[in-house]
Amino acid sequence: MSKNIFIQMKTYRLFLAMLIIFVGYCCNAQNTVFGVVEDDSGPLSFATVYVPTLEIGATTDVDGSFRIDDIPNGSYTLVISYTGYVSQTQQLLLEGGEQGFNFLLAKGTSLDEIVVSGTLRPVSKLKSPVPVEVFNKTFFRMNPTPSVFESLQNVNGVRPQLNCNICNTGDIHVNGLEGPYTFVLIDGMPIVSGLSTVYGLTGIPQSLIERVEIVKGPASTLYGSEAVGGIINVITKKPANAPETSVE
């Protein structure tokens, strides 16, 4: 009987020792990264510091300080970003413990310019030879409508017109010219402008609009005789940027 008790106690002690070693290992496997993000004038508040591979991060406080806890051992890349500043990266080799850093961000030269397709190829707005008006999705969301056809009535100089109440077809007038003189594109691909609504313009919901680029005035030298009145280029959302579900 005493021998069995001795064996049980010995097994219990062995299990307890293994548990302590395992808990200690787990505790040592967690790391902490802390530091300060600043520029030439002082600390930067609300700067973003994150580890992309782990999808964890933190935001700096009013003093520019940040702290990221519970990072497992390994090699990672730390990304520091702030609007209007050049982002930095820091390589991390974590083997248990804490590591501190001090980051000095430099201001960026300029933000990315809006890219338009007024010349059949992506160019910056400043370099476009024709004046292009860009209306983003926020502009159309302020006046919700069922489709793109109705949304364009909120743009000055653009007037959608319903020509047949029975078949529900129409065209789009730009600067007073008739619909056949308006060149309509979807993602840069032309459609039959005089019969644009028949070929699906009324079937595009407003939720799919990323932006609309409009050129008012003749642009027949670039697009042909149909672009005497103007051009309407409807840019739809990319699947990677569109939400999985949306409600209107």
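The present account deals with the structure reproduced in this document.

Rules and cut-offs
- Residues numbered from 1 in each chain as written.
- Predicted model: local features only at pLDDT ≥ 70, side-chain atom pairs only at ≥ 80, totals over all residues.
- Heavy atoms only, no water.
- Pairing = 2+ DSSP bridges.
- Helix = DSSP H or I, 4+ residues; strand = E, 2+ residues; numbered from the N terminus.
- Axes fitted to C-alpha atoms, helices over the stretch in contact; angles between N-to-C directions.
- Buried < 20%, exposed > 50% of the residue type's maximum accessible area, 1.4 Å probe, protein only.
- Salt bridge = Lys/Arg side-chain N within 4 Å of Asp/Glu carboxyl O.
- Phe/Tyr/Trp six-rings, centres within 6.5 Å; stacked < 30°, edge-to-face > 60°.
- Patch = residues over 30% accessible without salt bridge, like charges linked within 9 Å, V, L, I, M, F, W, Y side chains within 5 Å.
- Areas by Shrake-Rupley, 256 points an atom, 1.4 Å probe, with all protein chains shown as cover.
- Contact = heavy atoms within 4.5 Å.

**Structural notes on the sheet that holds strand 4 (residues 56–59)**
And then number 1: Pairing in this open sheet of 4 strands is antiparallel, and the strands run 4-3-6-7 from one edge to the other. Single-partner strands in this sheet number two, and they are strand 4 and strand 7 (88–94). Between one strand axis and the next, the sheet turns by 20° as a mean value, whatever way the strands run.
And then number 2: Judged from the 3 bridges that link them, strand 3 (residues 48–51) and strand 6 (residues 74–81) form a sheet pairing that is antiparallel. Paired with threonine 48 across the strands is serine 81, a residue of strand 6.

**Regarding the sheet that holds strand 16 (residues 209–216)**
And then number 1: Pairing is mixed across the open sheet formed by 5 strands, whose spatial order is 11-16-17-14-15. The open sheet terminates on both sides in strands that have one partner only, identified here as strand 11 (133–136) and strand 15 (189–190).
And then number 2: Relative to strand 17 (residues 230–236), strand 14 (residues 182–186) runs parallel, the two sharing 5 bridges. Across the sheet, residue phenylalanine 183 finds its bridge partner in strand 17, namely isoleucine 231.

**Observations concerning unusual backbone geometry**
And then number 1: Unusually for a residue other than glycine, phenylalanine 46 sits at a positive phi of about 65°.
And then number 2: Mapped onto the secondary structure, phenylalanine 46 falls in the loop between strand 2 (42–43) and strand 3.
And then number 3: The phi dihedral of aspartate 70 falls on the positive side, at around 60°, and the residue is not glycine.
And then number 4: The class for aspartate 70 is exposed, based on a relative accessible area of 56%.

**Here we look at the pattern of salt bridges**
Two side chains that carry opposite charge are able to pair once their charged atoms sit near each other.
And then number 1: Under the counting rule described, the total for this entry stands at 4 salt bridges.
And then number 2: Close ionic contact of lysine 216 with glutamate 133 constitutes a salt bridge, the shortest N to O distance being 3.6 Å. With lysine 216 in strand 16 and glutamate 133 in strand 11, this residue pair connects regions lying 83 residues apart in the sequence.
And then number 3: For lysine 216, a relative accessible area of 25% corresponds to the partly exposed category.

**With respect to the pairing of strand 6**
Strand residues, when the strand is regular, have side chains that alternate between the two faces of the sheet.
And then number 1: Here strand 6 runs beside strand 7; their pairing, made up of 7 bridges, is antiparallel. Across the sheet, the residue bridging to valine 79 is threonine 89, located in strand 7.
And then number 2: Counted along the chain from strand 6 to the antiparallel partner strand 7, the turn is 6 residues long, and its residue glycine 84 has a positive phi close to 90°.

**Remarks on the packing of aromatic side chains**
What characterises a pair of aromatic rings is the spacing of the ring centres plus the angle enclosed by the ring planes.
And then number 1: Tallied over the full model, the rule gives 4 aromatic pairs.
And then number 2: Taking the centre distance of 5.0 Å and the plane angle of 45° together, the rings of phenylalanine 135 and phenylalanine 139 count as tilted.
And then number 3: Under the relative-accessibility criterion, phenylalanine 139 is labelled partly exposed at 25%.
And then number 4: Members of the aromatic cluster, joined through ring pairs, are Phe66, Phe101 and Phe103.

**A look at a nonpolar patch on the surface**
And then number 1: Taken together, the side chains of Leu177, Tyr181 and Val228 present a nonpolar region at the surface, about 230 Å² in accessible area.
And then number 2: One can find tyrosine 181 in the loop between strand 13 (169–174) and strand 14.
And then number 3: For tyrosine 181, a relative accessible area of 41% corresponds to the partly exposed category.

**Section: the environment of isoleucine 214**
And then number 1: Along the chain, the position of isoleucine 214 falls in strand 16.
And then number 2: In this structure the C-alpha to C-alpha distance between isoleucine 214 and valine 134, which are 80 residues apart in sequence, comes to 6.5 Å.
And then number 3: Discounting residues that sit within four places of it in the chain, isoleucine 214 has contacts with Pro131, Val132, Glu133, Phe135, Val155, Val158, Ile231 and Ile232.

**Some words on the side chain of threonine 32**
And then number 1: The topology assignment puts threonine 32 in strand 1 (residues 30–39).
And then number 2: When neighbours within four sequence positions are excluded, threonine 32 is seen to be in contact with Arg67, Ile68, Asp69, Gly97, Glu98 and Gln99.

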